[in-house]
Amino acid sequence: SSAMAAERALAMVTCTAPVNIAVIKYWGKRDNDLILPINSSLSVTLHQDQLKTTTTAAASRDFTEDRLWLNGEEADVGHPRLQACLREVRRLARKRRGGSAEDAAPLSLSYKIHVATENNFPTAAGLASSAAGYACLVSALARLYGVEGELSEVARRGSGSACRSMLGGFVEWQQGERPDGRDSLAHQVAPETHWPELRVLVLVVSGEKKQVASTAGMQTSVDTSPLLKHRAEVVVPERLALMMRHICERDFEGFGQLTMQDSNQFHATCLDTFPPIFYLNDLSRHIIALAHRFNAHHGRTKVAYTFDAGPNAVIFTLADTVAEFVEVVRRSFPPATNGDQFVRGLPVGSASLPEELLAAVVTEPVPGAVRYILHTKPGPGPQLVDDPSQHLLGADGLPRRHA
């Protein structure tokens, strides 16, 4: 009968989700299991045309076990954080169905699931792939199980910063007060359309994995850094309010300066950790100096850097400064081989640099140090992919293409 056929059919959903870059940093948990932070944070969601995770989730009565594929390779589905997300989405689905009425449900909660996920950027490049990854997983599972509403709390259980990737534009993750974490949620401060001139340049310096995993580094900082305690209790609350005002007023100078100061303080807390953690390297410091020389030459803040738990630099600027700064980066770090592939993402116009700018800003070039520059901008939150040809799993519930 057709009812039997419908029951046996595969239920499948595909979503995409964005990367986010924190301008007021999250560092330190007050609860490691629930992933509750010691301070609130604020981020910019980047556009998915340049950086995104795609996830397909499928459920079928014919599946014998839960399975997971990352970039075409099968991975461990038993990861505790992944299981936490799955458990939470199923709990919400059960709650929504009033604990009964299984028959009316879009699919049985007892069915095993297959999940495939892919990044269109290098996973280990230190571009918070876990944030996009868990936001994407939760979005796809929620759609699969017909759950709506507050999902940032579920994504947070996968990776703290993932709760911020559940929304587009400018996003605050409120630390919350409750021990159960129900009020530790993300909310949108302003949509991506709020500041159309804002641009983001990711200077990808190396695909190496970072030296100290964020989770381990954070715990050591919480345990040993008095500066981190002062930061969380005194500095961040003031900065958050200020940052929201700068964003609201589209004040790039204020936004840029505060972004740099907060990045610097985050790395100072890493240095204040015992033993110290070094996420910045010589190249990162070279880029910091370059940005300050560029701003000093112009007599105002035209570019702002921020670094997360890795050596890649993220530069914020306005559209009218992109071409000039990209040329400054190209002169400072002349590309070794990939001259044509050096700038990726949104198009960048050409700029000729005045002699006095070159003399003041480009001091000692370091050939090949920056692998490439990715030009992007703020973008929307997770998206449902309607086109079935974009599913990462085939009708048999297995990956369509292997890496």
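The rules behind these values
- Residues numbered from 1 in each chain as written.
- Predicted model: local features only at pLDDT ≥ 70, side-chain atom pairs only at ≥ 80, totals over all residues.
- Heavy atoms only, no water.
- UniProt positions renumbered as here; feature names shortened; annotations may be inferred.
- Helix = DSSP H or I, 4+ residues; strand = E, 2+ residues; numbered from the N terminus.
- Rg over C-alpha atoms; globule rule 2.2 N^0.38 Å.
- Buried < 20%, exposed > 50% of the residue type's maximum accessible area, 1.4 Å probe, protein only.
- Areas by Shrake-Rupley, 256 points an atom, 1.4 Å probe, with all protein chains shown as cover.
- Contact = heavy atoms within 4.5 Å.
- Pairing = 2+ DSSP bridges.
- Right-handed = clockwise from strand over helix to strand, strands pointing away.
- Core = buried A, V, L, I, M, F, W, Y, C linked by side-chain atoms within 4.5 Å.
- Domains from an automatic or database assignment.
- Axes fitted to C-alpha atoms, helices over the stretch in contact; angles between N-to-C directions.
- Polar contact = N/O pair within 3.5 Å; in protein donor to acceptor, adjacent residues only side chain to side chain.
- Expected span 1.5 Å × (residues − 1).
- Parallel < 35°, antiparallel > 145°, perpendicular 65-115°, else oblique.
- Left-handed = near helix turned anticlockwise from the far one by under 90°.

Naming follows an unreviewed UniProt entry, where the protein appears as Diphosphomevalonate decarboxylase of Corythaeola cristata. In its Function (unreviewed entry) section, UniProt records this for the protein: "Catalyzes the ATP dependent decarboxylation of (R)-5-diphosphomevalonate to form isopentenyl diphosphate (IPP). Functions in the mevalonate (MVA) pathway leading to isopentenyl diphosphate (IPP), a key precursor for the biosynthesis of isoprenoids and sterol synthesis." Taken verbatim from the UniProt record of the protein, the Sequence similarities (unreviewed entry) comment is "Belongs to the diphosphomevalonate decarboxylase family."

Asks: Hey, could you run me through the overall build of the protein in this one?
Replies: Scanning the protein from N- to C-terminus turns up ten helices and 17 strands. In summary, the protein has a C-alpha radius of gyration of 22 Å against a globular reference of 22 Å for 403 residues, a match within 12%. A burial count over the protein gives 54% of its 403 residues as buried. Accessible surface, the protein: about 17,200 Å² in total, of which carbon and sulfur atoms supply 52%.

Asks: Explanation requested: the environment of A323 in the structure shown.
Replies: Tracing the sequence through the fold places A323 in helix 9 (residues 322-332). Here the alpha-carbon distance between A323 and S350, two residues 27 residues apart in the chain, equals 5.8 Å. If we ignore the near neighbours within four places in the chain, the residues touching A323 are V348, G349, S350 and A351.

Asks: Please clarify how the pairing of strand 16 (residues 372-376) should be interpreted in this entry.
Replies: Remember that side chains alternate between the two faces of the sheet whenever the strand is regular. Of all five residues in strand 16, five are buried, a share of seventy percent or more. Of the two faces of strand 16, the one holding Y372, L374 and T376 and the one holding I373 and H375 are both buried throughout. Here strand 12 (residues 198-204) runs beside strand 16; their pairing, made up of five bridges, is antiparallel. Residue pairing across strands places L201 opposite H375, the latter belonging to strand 16. Alignment of strand 15 (residues 343-345) against strand 16, held across three bridges, turns out to be parallel. Each bridged residue has a counterpart across the sheet, and for R344 the counterpart in strand 16 is L374. As for the winding sense of the linkage, the β-α-β connection from strand 15 through helix 10 (residues 355-361) to strand 16 is left-handed.

Asks: Just to check I follow, could you spell out the nonpolar core for this structure?
Replies: Within soluble globular proteins, side chains that are nonpolar tend to cluster in buried spots. Counting residues in each nonpolar core, the largest one holds 60 residues, and the members touching the most others are L203, F255, I287, F316, F325 and V328. Each of domain 1 (10-191 + 385-390) and domain 2 (198-376) accounts for three or more of the residues forming this core. Among all residues touching I287, those that are not within four sequence positions of it are L203, V205, F307, A313, I315 and F333. In this structure, V89, A135, Y145 and A162 belong to the second largest nonpolar core, which totals 34 residues.

Asks: Help me understand the sheet that holds strand 17 (residues 383-384), please; the structure alone is not making it clear to me.
Replies: Within a sheet, neighbouring strands are paired by backbone hydrogen bonds and run either parallel or antiparallel to one another. Spatial ordering of the open sheet is given by 8-7-9-6-1-17, a layout of six strands whose pairing is mixed. Whereas interior strands pair on both sides, the edge strands pair on one side only; in this sheet they are strand 8 (73-75) and strand 17. Where strand 7 (residues 67-70) meets strand 8, three bridges bridge the pair, whose relative direction is antiparallel. Bridging across to strand 8, L70 finds its partner in E73. Contacting strand 1 (11-18), strand 6 (52-60), strand 9 (112-119) and strand 17, helix 3 (residues 129-145) runs over the sheet at an angle of about 150° to strand 1.

Asks: Looking at this structure, I do not really get the environment of N32. What am I missing?
Replies: As for its placement among the helices and strands, N32 is situated in the loop between strand 3 (29-31) and strand 4 (36-37). Each C-alpha atom of the pair N32 and L283 lies 32 Å from the other, and the pair is 251 residues apart in sequence. Here Q219 takes part through its side chain, which lies 2.9 Å from a polar atom of the side chain of N32.

Asks: Please explain helix 3 as it appears in this structure.
Replies: What sets the pattern is the α-helix's 3.6 residues per turn: residues three or four places apart point alike. The end-to-end C-alpha separation of helix 3 is 24 Å, in line with the 24 Å expected for 17 residues at 1.5 Å each. Among the 17 residues that make up helix 3, 15 are buried, leaving the element largely enclosed by the rest of the structure. Directly beyond the C-terminal end of helix 3, a positive phi value near 70° is found at G146.

Asks: Is there a simple way to explain the packing of helix 8 (residues 282-298) against helix 9 in this structure?
Replies: Packed helices, taken two at a time, are described by their axes: the angle between them and the distance between them. Close contact between helix 8 and helix 9 brings their axes to 12 Å; oriented N to C, the two are set at 130°. Taken together, the axes of helix 8 and helix 9 are oblique relative to one another. Classified by chirality, the crossing of helix 9 by helix 8 is right-handed. Of the residues in helix 9, those in contact with L290, F294 and H298 of helix 8 are E324, F325, V328, V329 and S332.

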